[in-house]
Amino acid sequence: MTDQTPQPTSSGFDMNKATIISLLYIASFFVGVTGIVGVILAFVWKDEVAGTWEESHLQFHIMTFVIGLIGSVIGIILSIVLIGIPLLIALAVWVLVRSIMALLKAQKQEPIADPKTWLF
């Protein structure tokens, strides 16, 4: 009689670089500093993932941070005349949607189709 133990399947949560950065961006809604940590890691890991599916994710995350930072500065300045408040809310939703979409694609190990887009 042979003893065959089944091999574990990888159906769990994959903690790749793109997933880590997505989770850091999502966590930044609760702990503000993690977004900065995420973009720093994206810049540090950019050369390591060159030529892989993760390269497009890191470009996407860097774009998300830069656009989010610029939008936040504009929103804070425009908050003086109250138009910045809806802009900041829309920006928060935009960052959250982009981060969740990137997280879902990272779990499937799919590249981002157009990492330099402003949309989703």
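What you see is a predicted model, and the numbers here were worked out from it, not measured in a lab. (Residues numbered from 1 in each chain as written. Predicted model: local features only at pLDDT ≥ 70, side-chain atom pairs only at ≥ 80, totals over all residues. Heavy atoms only, no water.)

*Asks:* Sorry, what's going on with the side chain of His-61 here?
*Replies:* With respect to the secondary-structure elements, His-61 resides in helix H3 (residues 53-78). Ignoring anything within four residues of it in the chain, the contact list for His-61 reads Ala-18, Ile-21, Ser-22, Tyr-25 and Ala-102. (Helix = DSSP H or I, 4+ residues; strand = E, 2+ residues; numbered from the N terminus. Contact = heavy atoms within 4.5 Å.)

*Asks:* In this structure, what is going on with the packing of helix H1 (residues 17-27) against helix H4 (residues 84-107)? I would like to understand it.
*Replies:* Working note: a packed helix pair is described by the angle between its axes plus the distance between those axes. It is at 9 Å that the axes of H1 and H4 come closest, and there the two elements cross at 155°. Regarding the angle of H1 to H4, the classification is roughly antiparallel. As H1 packs across H4, the resulting crossing turns out to be left-handed. Residues Ala-18, Thr-19, Ser-22, Leu-23, Tyr-25 and Ile-26 of H1 lie in contact with H4, whose contacting residues are Leu-96, Ser-99, Ile-100, Ala-102, Leu-103, Ala-106 and Gln-107. Residue composition of the contact of H1 with H4, by class: 9 nonpolar, 4 polar and no charged. (Axes fitted to C-alpha atoms, helices over the stretch in contact; angles between N-to-C directions. Parallel < 35°, antiparallel > 145°, perpendicular 65-115°, else oblique. Left-handed = near helix turned anticlockwise from the far one by under 90°. Nonpolar A, V, L, I, M, F, W, Y, C, P; charged D, E, K, R; others polar.)

*Asks:* What is the right way to read the nonpolar core from this model?
*Replies:* Soluble, globular proteins show a tendency: their nonpolar side chains are buried together. Counting residues in hydrophobic clusters, the biggest one holds 8 residues: Ile-21, Tyr-25, Val-39, Ala-42, Trp-45, Val-49, Leu-58 and Ile-62. Of all the secondary-structure elements, those providing two or more residues to this core are H1, helix H2 (34-45) and H3. With 3 residues, the top contributor of residues to this core is H2. (Core = buried A, V, L, I, M, F, W, Y, C linked by side-chain atoms within 4.5 Å. Buried < 20%, exposed > 50% of the residue type's maximum accessible area, 1.4 Å probe, protein only.)

*Asks:* Got a minute to help me understand the pattern of salt bridges in this structure?
*Replies:* Between side chains of opposite charge, a pair can form when the charged atoms approach closely. With the rule as written, the count across this model stands at 2 salt bridges. Between Glu-48 and Lys-17 there is a salt bridge, with its nearest N and O atoms 3.6 Å apart. One end of the pair, Glu-48, is in the loop between H2 and H3; the other, Lys-17, is in helix H1, with 31 residues separating them in the sequence. Exposure remark for Glu-48: the relative accessible area of 52% places this residue in the exposed category. Under the relative-accessibility criterion, Lys-17 is labelled partly exposed at 24%. As a salt-bridge pair, Lys-105 and Glu-110 come within 3.7 Å of each other at their nearest N and O atoms. For Lys-105, a relative accessible area of 28% gives the class partly exposed. Its relative accessible area of 32% is what places Glu-110 among the partly exposed residues. (Salt bridge = Lys/Arg side-chain N within 4 Å of Asp/Glu carboxyl O.)

*Asks:* Got a minute to help me understand unusual backbone geometry in this structure?
*Replies:* Backbone geometry follows two general trends: most residues other than glycine have a negative phi, and most peptide bonds adopt the trans configuration. At Leu-82, a residue that is not glycine, the phi angle is positive and equals roughly 70°. Locating Leu-82 in the fold gives a position in the loop between H3 and H4. The backbone of Gln-109 sits at a positive phi, close to 55°, despite the residue not being glycine. One can find Gln-109 in the segment after H4.

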